[in-house]
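Here are the chains, one letter per residue:
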Amino acid sequence: MRIHFDDTNLLSEMVGEAHGVTRREIDSHLPQAKQALASFRKAFDEERYGFPALPFDSVMAKAVREYAKSAWASYDTVCLVGIGGSALGAWAVDCALRGPHPLQKPYSATHPRLIVLDNVDPDLTGAALEVMNPKRTLVAVVAKSGATAETAANFLVVRDWMGRALGRKAARRIVAVTSPGQGDLARLAEREGYATFPIPLNVGGRFSVLSAAGLVPAALLGINILKLLKGAAAMTQQCWQPDLEANIALKGALLHYLIWQRKGKTIHVAFPYSNRLWGAAFWFRQLWAESLGKAKTRKGEAVHTGQTPVAALGTTDQHSQVQLYMEGPNDKVFTFWRLRKHRTPGKISKKRIGLEAFDYLAGSSLETLLEAERSAAAASLALNGRPNCTLELDRLDEEHLAAFLQLFMFQTAFMGELLDVNAFDQEGVEMGKRFTFGLMNRPGFESYRQEFEQYEQKRRQAGG
Ligand code: PA5
């Protein structure tokens, strides 16, 4: 497994001192980076945060594999009901390892498809029910809290649909992944006899892709989860190294911290040049936004900090976003995600057709063109004083993918330490969840309904 971080275009030598990091700035912040590593390590050793331990949980891996093996070939569709961290990881893994949606191989009992219900758009759920066969569907309901409104609602719809087709046998086609022994999903699973897997209490939703939340759907799709864990374990060892050259998560955190805090780059564009990494870009967007967008430091000082993550796809978005990136406000930092080797190079025929716009491509390949366009974009941005860097994966297999995801989780945790914010809570999300419960008349949330009614009154007074 090899992931390389090319940070050259973040340096002042390339993009100027106003926009790039100087070596002096890096050196003077090295103690802060080391401190970030030490304090996150301490928190991990005290078991406050658990994601770094997940790749080493062989007991969980064995149980998940056995469950998946027992169900294998009895379904052609895995219907994942979950949202946020309980859905994005599985989607990223599926997209990376089984091909970009919707261009996967035809689905069958030995090549099941993944359908994700991560929204309560009735047209999404309705369309899913129309195309799935309840007798050939395995439902994975994933919710750390066991109480998220969207997941609960979608699950009630899907459970009913399964029950109508299968009666009592429906319970055998449902697996629940949730916090062990707490929350209403765990209670329902126990009451109805679903297979269940735990998400450790010290692993938050967006850090849970390598827990049962991501592993159960992955294993049900036939993905080798042992290889996933192997790659993530190797990256974990690297991420505990104090040497910045060995620890690209720590180096990435420090450089992005300086670029953001010192050079004012408040937008972080994740720019995969791979459709298979498009799911991972959306997964990253949640990780970076929810973990680092915070009102207060851990000491309680108001900061309203956050770096807005944007997902852009190369080369597609060169024809959509790059005009803005090149000439608009210089408030962004770009991270290109490059695959050195694709599944297929996409060879272009050597035959010339006598037309200049086509003939220079003869004998080349889509892979070569893709990389030419990526390095051209990186060069143009750098020459225009726009800092950018590249994360390069030798190839996209289970080991590289999981290492890549683990790298970002560590980078995010280190960034939280550098900013002195709690990267593992999400108070801002909780408020909306509580208002929703109030509006949907969930007992215990009446005060949120009242607060919402006051807001509505204010709107009416304002003429709305
Ligand atoms: O990262 C998080 O904690 C959140 O984004 C959750 O994943 C999301 O809110 C879904 O929560 P749950 O898994 O409890 O349904």
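Residues numbered from 1 in each chain as written. Predicted model: local features only at pLDDT ≥ 70, side-chain atom pairs only at ≥ 80, totals over all residues. Heavy atoms only, no water.

Along the protein chain, the regular secondary structure elements total 17 helices and 12 strands. Here the protein chain has a C-alpha radius of gyration of 23 Å; the compact-globule value for 464 residues is 23 Å, and the two agree. Projected onto its principal axes, the C-alpha coordinates of the protein chain cover approximately 65 × 65 × 55 Å. Scored against the burial criterion, the 464 residues of the protein chain give a buried share of 53%. Pairs at least 24 apart in sequence give 76% of the contacts found in the protein chain among residues at least 6 apart. (Helix = DSSP H or I, 4+ residues; strand = E, 2+ residues; numbered from the N terminus. Rg over C-alpha atoms; globule rule 2.2 N^0.38 Å. Buried < 20%, exposed > 50% of the residue type's maximum accessible area, 1.4 Å probe, protein only. Contact = heavy atoms within 4.5 Å.)

Moving on: the environment of Lys 341. As for its placement among the helices and strands, Lys 341 is situated in the loop between β11 (332–339) and α13 (356–359). Judged by relative accessible area, Lys 341 falls into the exposed class, the value being 55%. Ignoring sequence-local partners within four residues, the contact set of Lys 341 consists of Glu 367, Asp 394 and Arg 395.

Below, the discussion takes up the domain arrangement of the protein chain. Partitioning the protein chain into structural domains gives domain 1 (3–43 + 242–419) and domain 2 (73–221). Just the C-alpha atoms count here: the centres of domain 1 and domain 2 sit 31 Å apart. The interface of domain 1 with domain 2 comprises 21 residues on the first partner and 17 residues on the second. Across the domain 1 to domain 2 interface the summed buried area is about 1600 Å²; carbon plus sulfur atoms make up 71%. (Domains from an automatic or database assignment. Buried area = accessible area lost by both parts, 1.4 Å probe.)

As a further point, take the site of the ligand. If you check the shell around the ligand, you find 14 residues, and the closest are Ser 86, Lys 144, Ser 145, Thr 148 and Gln 286. Backbone polar atom of Lys 144 to an oxygen atom of the ligand: 2.7 Å apart, as the coordinates give it. Burial of the ligand by the protein chains amounts to 93% of its free accessible area of 380 Å². Looking at side-chain class alone, the shell around the ligand contains two nonpolar, eight polar and four charged residues. (Near = heavy atom within 4 Å. Polar contact = N/O pair within 3.5 Å; in protein donor to acceptor, adjacent residues only side chain to side chain. Areas by Shrake-Rupley, 256 points an atom, 1.4 Å probe, with all protein chains shown as cover. Nonpolar A, V, L, I, M, F, W, Y, C, P; charged D, E, K, R; others polar.)

Moving on, we get to the pattern of salt bridges. Applying the stated rule across the entire model yields 31 salt bridges. In this structure, Glu 46 engages Arg 48 in a salt bridge whose closest nitrogen and oxygen atoms are separated by 2.9 Å. For Glu 46, a relative accessible area of 42% corresponds to the partly exposed category. You can call Arg 48 partly exposed: its relative accessible area is 43%. (Salt bridge = Lys/Arg side-chain N within 4 Å of Asp/Glu carboxyl O.)

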